[in-house]
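Given next are the chains, with one letter for each unit.
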Amino acid sequence: MSGGITKISPNSIIAELYNWKLEAESSYNDGWIKKHYEDQLEEVFKQVDRMRMTKEELEVESAKKEWVCDECGKSTYETEDDYLVHPKLHLGCALKQEKTVKVDDVSDFM
Ligand SMILES: [Zn+2]
């Protein structure tokens, strides 16, 4: 810590970001360079959004990571309870599993 004094002023950061924005939009730059600056800006905006999230929003974000279907790997967070077997399994995916099991059972008797 440097006694709570920031080393770079907000104006310097903003000026740099404006430069990136100009580079990203300039028709003098080729596609790769434009993309490079677009990606840089995107990364900064993403991190700023994260920093501005409340404790509750961050908790929801980390909860969402837990709510993933074991079967299809997609999020179960927005799925209604009626369509879930449990937080890590969609009802639809469970039914598919059962079908697979049944087919296997039948082939055992043949
Ligand atoms: Zn699923």
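Everything in this summary refers to the structure shown in the same document. (Residues numbered from 1 in each chain as written. Predicted model: local features only at pLDDT ≥ 70, side-chain atom pairs only at ≥ 80, totals over all residues.)

**Let's talk about the overall build of the protein chain**
Along the backbone of the protein chain there are four helices and two strands. Counting from the amino terminus, helix and strand elements in the protein chain follow one another as α-α-α-β-β-α. Within the protein chain, the fraction of its 110 residues that count as buried is 4%. The long-range share in the protein chain, meaning contacts at least 24 apart out of those at least 6 apart in sequence, stands at 9%. (Helix = DSSP H or I, 4+ residues; strand = E, 2+ residues; numbered from the N terminus. Buried ≥ 20, exposed ≤ 12 C-beta atoms within 10 Å, placed from the backbone. Contact = placed C-beta atoms within 7 Å.)

**A look at helix H2 (residues 31–51)**
With 21 residues, H2 should reach 30 Å at 1.5 Å per residue; the first-to-last C-alpha distance of 30 Å fits that figure. With zero of 21 residues buried, H2 is to be regarded as a mostly surface element. (Expected span 1.5 Å × (residues − 1).)

**Quick notes on helix H1 (residues 10–25)**
For H1, with 16 residues, the first-to-last C-alpha span of 22 Å sits near the 22 Å given by 1.5 Å per residue. By the criterion of burial, H1 is predominantly exposed, with just zero of the 16 residues buried.

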